[in-house]
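What follows is the residue order along each chain.
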Amino acid sequence: MTSKPVICVMGATATGKTELGLAIADALPVDLISVDSALVYRGMDIGTAKPDAATRRAYPHALIDCCEPEDTYSAARFVDDARQQVEAAHAAGRLPVLVGGTHLYYRALLHGLSELPSADAQLRQRLVERAATLGWAALHAELAEHDAASAERIHPNDAQRIQRALEIIELSGRPPSEHFAQVVAPARDGHWTVLSMAIADDDRAALHARIERRFDQMMSDGFVEEVERLRLRTALSADHSSMRSVGYRQIWRHLDGDCSLADAVEAGKAATRQLARRQWTWLRKEPGLHWLRLDEAPTQRALALVEQHLLSSQ
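Rules behind the numbers
- Position numbers for residues count from 1 along each chain, tracking the sequence in the order it is written.
- Owing to the predicted nature of the model, reporting of local features is limited to residues with pLDDT of at least 70; listing and counting of side-chain atom pairs is limited to 80 or more, with chain, interface and lining totals taken over all residues.
- Just so you know, side-chain values use all the structure's heavy atoms and leave hydrogens and water out.
- Two strands pair under a simple rule: DSSP has to find at least two bridges between them.
- Starting at the N terminus, helices and strands are each numbered in turn, a helix being any DSSP run of H or I of at least four residues and a strand any DSSP run of E of at least two.
- Note on definitions: a residue-residue contact is assigned when non-hydrogen atoms from the two residues lie within 4.5 Å.
- For helices, the fitted line uses only the C-alpha atoms of the stretch in contact; every axis is such a line through C-alpha atoms, and the angle between N-to-C directions lies from 0 to 180 degrees.
- Two N or O atoms count as a polar contact when they lie within 3.5 Å, although within protein this holds only if one can serve as hydrogen donor and the other as acceptor, and sequence-adjacent residues are included solely when both atoms are side-chain atoms.
- Note on definitions: salt bridges are taken to be side-chain nitrogens of Lys or Arg within 4 Å of carboxyl oxygens of Asp or Glu.
- Summary of the burial criterion: residues with accessible area below 20% of their type's maximum are buried, those above 50% are exposed, and those between are partly exposed, where the area comes from a 1.4 Å probe applied to protein chains only.
- Working rule for helices: expected span equals 1.5 Å times residues minus one.
- Think of a nonpolar core as a cluster: buried Ala, Val, Leu, Ile, Met, Phe, Trp, Tyr and Cys residues, connected wherever their side-chain atoms sit within 4.5 Å.

Peer 1: Could you give an account of the sheet that holds strand E6 (residues 290-293), with specific residues and numbers?
Peer 2: Within the open sheet, the six strands sit side by side as E3-E2-E4-E1-E5-E6. Their pairing is parallel. In the strand order of this sheet, the two ends are held by strand E3 (61-62) and E6, each with one partner. Against the sheet, helix H14 (residues 298-313) engages strand E1 (4-11), strand E4 (95-99), strand E5 (192-200) and E6, with an angle of about 170 degrees to E5.

See below:
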């Protein structure tokens, strides 16, 4: 049976993944599918660097604005949604191009999901209350006692992942690392052939400069006002997954009066740099990546790889 081509455009934050996806769309009949855990939320446009409305009209993206900020959007839900979009693209004779930086979603789609317990709102609230008293560093130390491997992977300031790890332990009685060692079958079709490309940037200073410029531009575009509008939603709180997204949680803290705007901006930039480092850690472990360097005409290189991939899939 002829294999079905799928393109994945990966990379750390602020490395130009969206622009590369648009360039591929200019050259080929494609369906763009977002792989971003923040772009799924409606009303979160500026702080997520979401493609603007004009760009989305010219280049439609699936899995953008598909739920409310109060909702929980999981890797399992992404796998179901992405698989449907990939199958629809193939059925229409178009090339599915997945673009984004949420590597948990890529891993779930391409390598399979671990069987994990569902989220428990009451338990999460108890963990948040404990963190408010003890600090997330203390909960990270607690995680290390139960699962040293997970604690080593998770930064002591990464509240969301610390909370989820402790939640898994309490609900299942087993450490997350044990769950992850027992991965169920990948969700992708057995006849897919996947070309995974990653935007490389070995010059960390250049990447940090881009992060700084982009965050400053988001502030100029009205990021604070966007978070103020989100805070008016009575069902939304700082504890929701959407509001833990990089940038949003720092601006929310400022609006709560916990820090100055300048401190929130610097914390947001620092959190974005930390996100980039985590993404690089994952990318370095991902097998079979084709690396594209920003200083070596990445678009031309990407299009050549796609062409080779399409020929090999015939």
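Peer 1: Go over the side chain of threonine 15 with me, naming the residues and quoting the values.
Peer 2: Following the sequence through the fold, threonine 15 ends up in the loop between E1 and helix H1 (17-27). Here alanine 12 takes part through its backbone oxygen, which lies 2.6 Å from a polar atom of the side chain of threonine 15. Here threonine 15 is in contact with Ile199, Asp201, Leu207, Arg210 and Leu294, once residues within four sequence places are set aside.

Peer 1: Please give an account of the pattern of salt bridges that cites residues and values.
Peer 2: According to the stated counting rule, one finds 21 salt bridges in the structure shown. Arginine 164 is the partner of glutamate 167 in a salt bridge, and the nearest nitrogen-oxygen pair spans 2.6 Å. In this pair, glutamate 167 and arginine 164 both sit in helix H8 (residues 159-172), three residues apart, roughly one turn of the helix. Taking the relative accessible area as the measure of exposure, glutamate 167 reaches 0% and is therefore buried. Residue arginine 164 is classed as partly exposed on the basis of its relative accessible area of 21%. Three or more residues are tied together by salt bridges with common partners; here these are Arg42, Glu68, Glu70 and Arg233.

Peer 1: If you had to explain helix H3 (residues 75-91) to someone new, which residues and values would you point to?
Peer 2: Between its terminal C-alpha atoms H3 stretches 24 Å, which fits the 24 Å expected from 17 residues at 1.5 Å a residue. Taken as a whole, H3 has its buried residues at Ala75, Phe78, Val79, Asp81, Ala82, Val86, Ala89 and His90. Positioned one or two residues after H3, glycine 93 has a phi angle of 75 degrees, which is positive.

Peer 1: Give a detailed account of the nonpolar core, specifying residues and quantitative values.
Peer 2: Among the nonpolar cores identified, the biggest contains 51 residues, and Met10, Tyr73, Phe78, Leu98, Leu109 and Phe223 are the most heavily contacted of them. Mapped by element, the contributors of at least two residues to this core are E1, H3, helix H4 (103-111), E5, helix H10 (204-220), helix H11 (223-231), helix H12 (248-255) and helix H13 (261-285). Ranked by the residues each element gives to this core, the list is headed by H13, at six residues. If sequence neighbours within four positions are ignored, phenylalanine 78 has contacts with Ser34, Val35, Leu63, Tyr73, Leu98, Tyr105 and Leu109. Formed by 17 residues, the second largest nonpolar core is a distinct cluster that contains Ile24, Val30, Leu195 and Val306.

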